[in-house]
Each structure stands twice: as structure tokens, then as C-alpha cells.
Amino acid sequence: MAEKEQTLGLTVKKGVDFSEWYNQVVLKAELADYAPTRGFMVIRPNGYAIWESIQSYFNAVMEKHKVRNAYFPLLIPKSFFEKEAEHAAGFAPELAWVEAEEGEEKVAIRPTSETIMYDFYGKWIRSWRDLPLRINQWCNVLRWEVKQTKLFLRTREFLWQEGHCVYATKGDCDREVRLFLDEYKKMVEEVLAIPVIAGVKTEKEKFAGAFYTTTIEALMPDGRALQMGTSHNLGQGFAKAFNIRFTDENAKEQLPWQSSWGFSTRLIGAIVMVHGDDKGLVLPPNIARNKAVIVPIVFEKSKEQVLKKAREIASGLDEFGVFVDDRDNYSAGWKFNEWELKGIPLRIELGPKDMAKKHVVVVRRDTSKKEFVKFSELKKRLPKILGEMHAEMFAKAKKFLDLNIVEVKNYGEFKRAIAEKKMALAYFCMDPEPEEKIKEETGATSRCIPFDQKEANAKCFFSGKPAQKKVLFAKSY
């Protein structure tokens, strides 16, 4: 046990070496591990439980909006990528090709599934009665551009959901592009406790082949933005390429409009970065499968009595995933440190003195705040403590985000803001060429054009050209 006690905790602080701190939290909290093949990772049960909670939440959202889950093939024929030129060019550097047998068409492992899904959509859609078509798949994708692995944030293979919908009109498509982005924002803020900024991508940063792209962007503690989810209006380009057509109510053939939307396992990385501390992972209570652990404080004389009460309390709190850590070979202090490292939202302590007073000690993971709660009041009080915890975690992250968005008027102010690891908000002309120069010189990219702006007659901070809206820039993952 002495050897384990030396290696259990983190050896670096979050504010000293953020990158190493992040890697240690992911590895020591047993969220993921490095795979033997460069650029790949293993998602361990603790990490996969978070993903399953996200899936469970969002499956209910999709059911509400009449989206059905399906599954499409992993391998995509080469000719499919060539049907939509912009999409093909955008993903060409990332494709992993599989050697085909003689006489068979070359295939690639999916980097995204538009092409394979839309080939089937062209067969399935015939009439306006078939629309809207809303299909989602949970799957893995492979993008071979990664040079340096960052667990959950930058790996060649990752897990995600990708929704692909077809509509009769642009208006229908536009509404649901925003609908699913809003659902992403709600999930990330109300479940993961991470504030985001929603907006539209610039032409340079939009998804390859899209008419336009909407996004939600978060800011990590190291000053880098993280794209948390995107929702695209794909226009009619894919419909033309894959011969997706329908007969309208007047018996006329029409091209439909399409959308796609997705988020990935990088959300788990965001949870680690935004909420973690020098003790390890801090799980937002709304995403944690196990919201509390009971740690019995045992002495030989009262051991059986304390353990019996601990198990009785846990059985009455099933809806919170409460469990008892009744391991004999670890001290209570060791257990405290382990569950703090692994991010369990609440620790419930129960010893002989607590038994005598008919209460437990509830300790919040994020603040270490302790509260004495009577046995009879625990079931009622626990959800309130968890709700307070979520609200305060979100408020803390929101304060950080707000304090680190700087409005700038010229390129000098812009460069200072980026150097200080902040997000820069400025009027911008939207031209791809200046955007590329900004990236080359500062490493910052446009993250989004925030929604709900009033158009103005202003000048671009970089080029001096006319600019109507502000754009958010930052370095990013």
C-alpha cells in the first residue's frame, strides 16, 4: 500500500504545467490510456461511463425530435468521395485507405459518413412523404492527420454521433440546423456545466462541402478554444452529387436540403480541463453515473454496525448511483484521495460518532465543503447539494469565460490578447486571405461569428476594409 500511496496523486499542478497535468488526470483517473499504435487510445470504463451518460441524455433529446438511430458501413468506396468535390478535397489528407483485392474498388475508413449515408438516401427518398428524414449514428471515425496524440482531444480514431437529415425546403433545414445546435448548447451547459459561445463559422472555417456551419465554442484554462459541437446546413450539393430527389405535392421533382450535426468524445477532455483541479478530476454531478461514494470510518469494535448502516443508506439512494467503498486493505484517507482523483461529486463519511448522532458528513468534491446531514433528511438533501454544486461549477466556468474575452480595435491589441491566452472579439471583413495571415502570424483562428449581433458600419481590425459583424478568434485544439 505504501508504494501505491506514493503514486496515487498528481505530481504537477494545473497552473504550472497544464499539458502534463491534463495527461496525468486522464491516465490516473483511469479515463483512457495510450494504444500501442501511434495516434490511438483506449477508453477505459471510467471514461466510457461518461460517454454512455452523454449518449443516454442525447438519445432522449433525439427521440423527442423524431431522430432515429441507425448504423452504416465503416468502409467507403473511393468513388463516393469523388462525387462532391469540396468535401473530397477537405478530407483527402486525412483518409486511411484499405488495400483492395484485385478487381475491387479501393475503399477508405470513414472520416465522416456523409458519402456512404447519402448514397442510401438517394435510394430511399422518393416522395415529399418521405421527408423530413432524420437519422443519427453513434460510431467511430478515423482521420489520419494526427501527429501528436492528446487523449480525447486529438487522436486519429475517436467516437462521436453524427446526425444526417433531409428536408423539403431551406427554411425547414435552417430551423433544425439551429435546433440541434441549441440542444448541444443546452447539454453542454446544463449537463457538463461548461459555458459556450454559439455562432456561425466563417467561410474559411466551415465544414468541407457545407452551405454554412454553426458551432458552439468553449474556452479551456490554457487559453485555447475547443469546438464542442457543430451543426451544418449542407445545402443541395450533396443531393445533386448523390442523386437525392423527391417528388413534391404537385408531382414535380425537387432537390432536397440537407443538414448534419455532431459532437465527439472530446467533450470528455473538456470536462477534465474546465473542472479538474490539483487533486484530479471533478465530474459535474449531472453527468456522473455514481454521484456519491460512502466511505465508512471503521474501527474493529463498531465495524459491522457501521458497514451495515452504510449499505442501508446506499440502497436507499439507488437513483444517485451511490456505492459503498468497503475495501479492507485501504485506509479511509487513501479512499478519500482516490475518489477525489477520480472525480466522484460527493463523498459521504460515516463513522461511529456519526452513527451516534444519526447523521453523515457530506463533502463536495469541487469545494471540499462539508455538511452534516441527518439520516432522515439525506434523500431529500442530496439532490439539492448536487444542484448547488452544478450551479456553482457552471458559474465559476462562466466567470472565467467572460473575463477572458477581450474586445479589440486593432491588430496590436489583437496580438496582445492572443499572447495573453485570451479570446479576441473584433470587427472582421470575413476575407479568407487576411484570416490565413492572422493564423500564420499569431496561431489564432476564427472560432465563430457570435449570434444575435446587430450589424454595424465598422472597419476590419486587420485589413481596414468594411466590416459588419464581430468575429471571435483564439488559438485552439
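The preceding data block contains the structure.
Residues numbered from 1 in each chain as written. Predicted model: local features only at pLDDT ≥ 70, side-chain atom pairs only at ≥ 80, totals over all residues. Heavy atoms only, no water.

Engineer: I'd love a proper account of the overall build of the chain, names of residues and values included.
Structural biologist: If you tally the helices and strands in the chain, you get 15 helices and 25 strands. What you see for the chain is a C-alpha radius of gyration of 25 Å, in line with the 23 Å of a compact globule of 477 residues. If you line up the chain on its principal axes, its C-alpha atoms span 80 × 55 × 45 Å. Relative to its full complement of 477 residues, the chain shows a buried share of 55%. If you sum the accessible surface of the chain, you get close to 22,300 Å²; carbon and sulfur atoms cover 50% of it. Charged side chains of the chain number 76 positive and 68 negative; the gap between the two group centres comes to 5 Å. (Helix = DSSP H or I, 4+ residues; strand = E, 2+ residues; numbered from the N terminus. Rg over C-alpha atoms; globule rule 2.2 N^0.38 Å. Buried < 20%, exposed > 50% of the residue type's maximum accessible area, 1.4 Å probe, protein only. Areas by Shrake-Rupley, 256 points an atom, 1.4 Å probe, with all protein chains shown as cover. Lys, Arg positive; Asp, Glu negative; His and termini not counted. Charge placed at Lys NZ, Arg CZ, Asp CG, Glu CD.)

Engineer: An account of the layout of surface pockets is requested, with residue identities and associated values reported.
Structural biologist: Roughly 1,300 Å³ of internal volume is contained in the largest pocket. Approximately 440 Å³ is the volume found for the second largest pocket. Taken together, 20 residues form the lining of the second largest pocket, with Lys14, Val274, His275, Lys396 and Ala397 sitting closest to its centre. Secondary-structure elements contributing two or more residues to the lining of the second largest pocket are β10 (212–219), α9 (266–275) and α13 (378–403). If you tally residues by element for the lining of the second largest pocket, the top one is α13, at six residues. Among the residues making up the lining of the second largest pocket, the classes are represented as eleven nonpolar, three polar and six charged. (1 Å grid on protein atoms, 1.4 Å probe; cavity = no way out; pocket = protein on both sides within 12 Å on 5 of 7 lines; lining within 4 Å. Points joined across faces, edges and corners; volume = space filled by probe spheres on them. Nonpolar A, V, L, I, M, F, W, Y, C, P; charged D, E, K, R; others polar.)

Engineer: Give me the lowdown on a nonpolar patch on the surface, citing residues and values where you can.
Structural biologist: Nonpolar side chains collect at one region of the surface, where Tyr71, Leu74 and Leu75 lie side by side and expose about 280 Å² of accessible area between them. If you trace the backbone, Leu75 turns up in strand β4 (residues 75–77). (Patch = residues over 30% accessible without salt bridge, like charges linked within 9 Å, V, L, I, M, F, W, Y side chains within 5 Å. Salt bridge = Lys/Arg side-chain N within 4 Å of Asp/Glu carboxyl O.)

Engineer: How would you summarise the pairing of strand β11 (residues 224–235) if you had to cite specific residues and measurements?
Structural biologist: Of all twelve residues that make up β11, ten are buried, and the element is covered over most of its length. Strand direction decides the pairing type here: β10 and β11, joined by eight bridges, are antiparallel. Note that in β11 the partner of Thr213 across the bridge is His232. Taking the residues between adjacent antiparallel strands as the criterion, β10 and β11 are bridged by four residues, where Gly223 takes a positive phi near 85°. Relative to strand β14 (residues 257–264), β11 is paired through five bridges, and the arrangement is antiparallel. The residue of β14 that forms the bridge with His232 is Ser260. (Pairing = 2+ DSSP bridges.)

Engineer: Which residues make up the packing of aromatic side chains, and what values do they have?
Structural biologist: Inspection of every chain in the model, using the stated rule, returns 34 aromatic pairs. Measuring from ring centre to ring centre gives 3.9 Å for Phe180 and Trp261, while their planes differ by 10°; the resulting arrangement is stacked. Of this pair, Phe180 sits in helix α7 (residues 170–190) while Trp261 sits in strand β14, placing them 81 residues apart in sequence. In this structure Phe180 comes out as buried when scored by relative accessible area, which is 0%. Joined through ring pairs, the aromatic side chains of Phe72, Phe80, Tyr118, Phe120, Tyr121, Trp124, Phe238 and Phe242 make up one cluster. Cation over ring: Lys83 sits above Phe80, and NZ or CZ is 5.0 Å from the ring centre. (Phe/Tyr/Trp six-rings, centres within 6.5 Å; stacked < 30°, edge-to-face > 60°. Lys NZ or Arg CZ within 6 Å of the ring centre and 35° of its normal.)

Engineer: Run through the pairing of strand β7 (residues 133–142), naming residues and quoting values.
Structural biologist: The element β7 is extensively covered by neighbouring structure, given that nine of its ten residues are classed as buried. Where strand β3 (residues 68–69) lies against β7, two bridges are found, and the strand directions are parallel. Its bridge partner being in β7, Asn69 is matched across the sheet by Asn136. Note: β7 against strand β8 (residues 157–167), ten bridges, orientation antiparallel. If you follow Cys139 over to β8, its bridge partner there is Trp160.

Engineer: Just give me the short version of empty space enclosed by the protein, but keep the residues and values in it.
Structural biologist: In this structure the tally under the stated criterion is two cavities of 30 Å³ or more. Considering only enclosed or pocket space, the largest cavity measures out at about 60 Å³ in volume. What lines the largest cavity is Phe336, Trp339, Glu340, Ile344, Pro345, Leu346, Arg347, Val363, Arg364 and Arg365. Taken together, the elements giving at least two residues each to the lining of the largest cavity come down to α11 (332–341), β17 (346–350) and β18 (359–364). Here the lining of the largest cavity is built from residues that sort into six nonpolar, no polar and four charged. Roughly 40 Å³ of internal volume is contained in the second largest cavity. Lining the second largest cavity are Val362, Arg364, Lys369, Glu371, Arg381, Ile385 and Glu388. Listed by contribution, the elements that provide at least two residues to the lining of the second largest cavity are β18 and α13. Broken down by class, the residue content of the lining of the second largest cavity amounts to two nonpolar, no polar and five charged.

Engineer: Talk me through the packing of helix α2 (residues 18–28) against α9; I want residue IDs and the actual numbers.
Structural biologist: Packing of α2 against α9 leaves a shortest axis separation of 10 Å and a crossing angle of 120°. Considering the relative orientation of α2 and α9, their crossing is right-handed. Contacts from Phe18, Trp21, Tyr22, Val25 and Val26 of α2 reach α9 at Gly269, Val272 and Met273. Its residues assigned to classes, the contact of α2 with α9 shows seven nonpolar, one polar and no charged. (Axes fitted to C-alpha atoms, helices over the stretch in contact; angles between N-to-C directions. Left-handed = near helix turned anticlockwise from the far one by under 90°. Contact = heavy atoms within 4.5 Å.)

Engineer: I'd like to hear about the sheet that holds β18, residue by residue, with values.
Structural biologist: Across the sheet, five strands lie side by side as β16-β15-β17-β18-β19; this open sheet has mixed pairing. Each edge of the sheet is formed by a strand with only one pairing partner; in this case those strands are β16 (323–324) and β19 (370–374). In the sheet, β17 pairs with β18 via four bridges, with the strands oriented antiparallel. Considered in β18, the bridge of Glu349 is made with Val361. Of the strands in this sheet, β15 (292–296), β16, β17 and β18 are in contact with helix α10 (residues 303–315), which crosses β15 at around 170°. The sheet strands contacting α11 are β15, β16 and β17, and the helix crosses β15 at an angle near 170°.

Engineer: Explain the sheet that holds strand β6 (residues 107–109) to me, and be specific about the residues and the numbers.
Structural biologist: Ordered in space as β4-β6-β5, the three strands form an open sheet in which the pairing is antiparallel. Edge positions in the open sheet fall to β4 and β5 (96–98), since each of these has one partner strand only. Strand after strand, the sheet turns through a mean of 40° between neighbouring axes, direction not considered.

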